[in-house]
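If you want the building blocks of each chain, they are given just below.
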Amino acid sequence: MKKVLCFFAVCFISLFVVGSKSEGGVYSYDLKPTIHAISFQGYWAYGVEFTINLEIGTPSQSIPLLADSGSVAVLVYSTECETEGCVDRTKFSSCNSETWVDLNIPYIEKQPAMTKNLIPYYNNMSGVYGEDVFTFSDDAEFDFMFALLNSSSWSEPGLNGYNFSGVCGLSLNDDQTRNVSYLYNAYQAGMLQNDMYGFLAPKSGSGLGEITLGGYNPELIDGEITWHDVLTDKNIGQLFLLNLTDIQVDGESLMCDCSEQDCLSLIDTGAAILTVAGPNMPALNVLPDCSNIEQLPVVSIFMDDVEYTISPFDYVFKVYNMSTHSYNCQSNALGIAYSQCLVDVGGWFFSKYYTIFDRENTRVGFANAA
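Residues numbered from 1 in each chain as written. Predicted model: local features only at pLDDT ≥ 70, side-chain atom pairs only at ≥ 80, totals over all residues. Heavy atoms only, no water.

Student: Would you take a moment to explain the overall build of the protein for this structure?
Tutor: Looking only at helices and strands, one finds four helices and 26 strands in the protein. A separation of at least 24 residues holds for 69% of the contacts in the protein among residues at least 6 apart in sequence. If you sum the accessible surface of the protein, you get close to 15200 Å²; carbon and sulfur atoms cover 47% of it. (Helix = DSSP H or I, 4+ residues; strand = E, 2+ residues; numbered from the N terminus. Contact = heavy atoms within 4.5 Å. Areas by Shrake-Rupley, 256 points an atom, 1.4 Å probe, with all protein chains shown as cover.)

Here you go:
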């Protein structure tokens, strides 16, 4: 399912941790955006990736990692990695860490190239599992096992040259993956108050967002939290899959037939854009001169019959063009006409709805962002 929903994440705004604060095992990090774009089949879009800096090793090395609710393990580029996917990245030096332990367990991940209409998410990566100290603060640290990559051909267009240096997996975990789950191990070591995190993207690329580990920030919430149970019986790879009950475009249902095939919504902080697929779903393309923005549809996503609405003013924003000295409109959503109803919730959805990933109780909460 991750492969089906996430290959559309083709362009990015990368967010860097610029400050942090903690209270009683709850750590909040400010996030600052930078903008990147890419063309997908003639369609220009802007997306958002969320990067969290983890302090690894002794003395600690600050490594920016993609905060991904759709991945399990922590993957970090090594200073020994010189392949295409490792170009211009901040890399972890195991030689410069007094506490690094090589576990001599190989890590290999290979995924075949998609068809010409699809874009691969990961490609080929290899390395070795090791253990080192992860630090939250001066008096809060724990030993943790992660994969140190010495080879990567992560070839998704637009990713090479990015500032994140691996992946911090924040998905659910089972008994077989607990040893590589960052949040589970931090919680078990007493670093975090709860096995959960809160997530808020900045408004359309401006200002700051926030990720809170060990809890959530009630000051960023306006109104009540609506909770949805994760579909653990349909899950693949410990993903945050929710029950999708309908998709509406300008109030008209796409008539999703969920009787013979699952209608699913993947809540995915690693997805750069909001992707909505269903019968007769429009493309959600915006013209660079913004002339059609008021003609673009309002998209409503129903999860467990609860409506979450995204208007064009939520998924379209203006970017200043230095060459023309004018503003261009760009979309952060992709609509796909497809027989099955599927939604990959990513991008600016997280700026309108504060999202809480409650891993301990296998549920996801949404609330209007304050």
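Student: Would you explain the nonpolar core in this entry?
Tutor: Proteins that are soluble and globular tend to have nonpolar side chains buried together. Core analysis: the biggest nonpolar cluster contains 75 residues, and Phe136, Phe146, Tyr182, Ile211, Leu213 and Ile267 have the highest contact counts within it. At five residues, strand β10 (residues 140-152) tops the list of elements feeding residues into this core. Beyond its immediate sequence surroundings of up to four residues, Ile211 is in contact with Tyr27, Ser28, Tyr29, Leu31, Ile52, Ala67, Leu170, Tyr197, Gly198 and Phe199. Ranked by size, the runner-up nonpolar core spans 14 residues in total, among them Ala73, Leu149, Val167 and Val180. (Core = buried A, V, L, I, M, F, W, Y, C linked by side-chain atoms within 4.5 Å. Buried < 20%, exposed > 50% of the residue type's maximum accessible area, 1.4 Å probe, protein only.)

Student: Could you clarify how one ought to interpret the state of the cysteines in this entry?
Tutor: Note: disulfide means a covalent bond formed between the sulfur atoms of two cysteine side chains. In this structure the tally under the stated criterion is four disulfides. A sulfur-sulfur separation of 1.8 Å characterises the disulfide bridge that pairs Cys81 with Cys86. Around the S-S axis, the bridge from Cys81 to Cys86 shows a dihedral of about 70° and counts as right-handed. Note on accessibility: Cys81 and Cys86 belong to one class, buried. One disulfide in the model links Cys256 with Cys341; its S-S distance is 2.0 Å. Around the S-S axis, the bridge from Cys256 to Cys341 shows a dihedral of about -85° and counts as left-handed. (Disulfide = S-S within 2.5 Å.)

Student: Sorry, what's going on with the pairing of strand β15 (residues 241-249) here?
Tutor: Regular strands place side chains that alternate from one sheet face to the opposite one. Within β15, seven of the nine residues are buried, which leaves it mostly tucked inside the rest of the structure. Of the strand pairs in this sheet, β15 and strand β17 (residues 264-267) are connected by three bridges, and their pairing is antiparallel. Bridge pairing links Leu242 to Ser265 in β17. Where β15 meets strand β19 (residues 299-303), five bridges bridge the pair, whose relative direction is antiparallel. (Pairing = 2+ DSSP bridges.)

Student: Would you mind going over the packing of aromatic side chains with me for this structure?
Tutor: Both the distance between ring centres and the angle between the ring planes are used here to describe each pair of aromatic rings. Considering all chains together, one arrives at 24 aromatic pairs under this definition. Measuring from ring centre to ring centre gives 5.6 Å for Phe317 and Trp348, while their planes differ by 90°; the resulting arrangement is edge-to-face. Note that Phe317 is positioned in strand β21 (residues 316-321) and Trp348 in the loop between β24 (342-345) and α4 (349-352), a separation of 31 residues in sequence. Judged by relative accessible area, which is 6%, Phe317 ranks as buried. What makes Trp348 buried here is its relative accessible area of 3%. Consider the rings of Phe349 and Phe350, whose centres lie 6.0 Å apart with planes at 90°: the pair is edge-to-face. Members of the aromatic cluster, each reached through a chain of ring pairs, are Tyr27, Phe92, Trp100, Phe134, Phe136, Phe142, Phe144, Phe146 and Tyr182. One Lys or Arg, Arg89, reaches over the ring of Phe164 and ends 5.5 Å from the middle of that ring. For Arg363, the ring lying beneath its charged end belongs to Trp227, and the centroid distance is 3.7 Å. (Phe/Tyr/Trp six-rings, centres within 6.5 Å; stacked < 30°, edge-to-face > 60°. Lys NZ or Arg CZ within 6 Å of the ring centre and 35° of its normal.)

Student: I keep staring at unusual backbone geometry and nothing clicks. Help me out?
Tutor: One can expect most non-glycine residues to show negative phi and most peptide bonds to be in trans. Note that the residue after Thr58, namely Pro59, is joined by a cis bond; omega there is -5°. Even without being glycine, Leu284 reaches a positive phi, approximately 65°.

Student: I would appreciate a short explanation of the pattern of salt bridges in the present structure.
Tutor: Here the idea is simple: oppositely charged side chains can pair when their charged atoms come close. All chains considered together, the criterion is met by four salt bridges. One salt bridge in this structure joins Arg178 and Asp175, with 3.3 Å as the shortest N-O distance. Here Asp175 falls in the exposed class, since its relative accessible area comes to 63%. Across the pair Asp314 and Lys352 runs a salt bridge whose closest N-O atoms are separated by 3.1 Å. With Asp314 in helix α3 (residues 312-315) and Lys352 in helix α4, this residue pair connects regions lying 38 residues apart in the sequence. (Salt bridge = Lys/Arg side-chain N within 4 Å of Asp/Glu carboxyl O.)

Student: How should I be thinking about the environment of Pro218 in this particular structure?
Tutor: Following the sequence through the fold, Pro218 ends up in the loop between β13 (209-213) and β14 (221-229). Looking at Pro218, the relative accessible area reads 55%, which means it is exposed. Placed 20 residues apart in sequence, Pro218 and Gly198 show a C-alpha to C-alpha distance of 9.4 Å.

Student: When you look at the environment of Pro64 in this model, what are you seeing that I'm missing?
Tutor: Looking at the element boundaries, Pro64 is found in strand β6 (residues 61-68). Between the C-alpha atoms of Pro64 and Val76, which are 12 residues apart in sequence, the distance is 9.0 Å.

Student: Help me understand the environment of Phe134, please; the structure alone is not making it clear to me.
Tutor: Relative to the elements of secondary structure, Phe134 occurs in strand β9 (residues 125-137). Phe134 sits in the buried class, given a relative accessible area of 1%. As for Phe134 and Glu55, which are separated by 79 residues in sequence, their C-alpha atoms are 5.7 Å apart. Apart from residues no more than four positions distant in its own chain, Phe134 is found in contact with Leu54, Glu55, Ile56, Ala140, Glu141, Phe142, Phe144, Phe146 and Tyr182.

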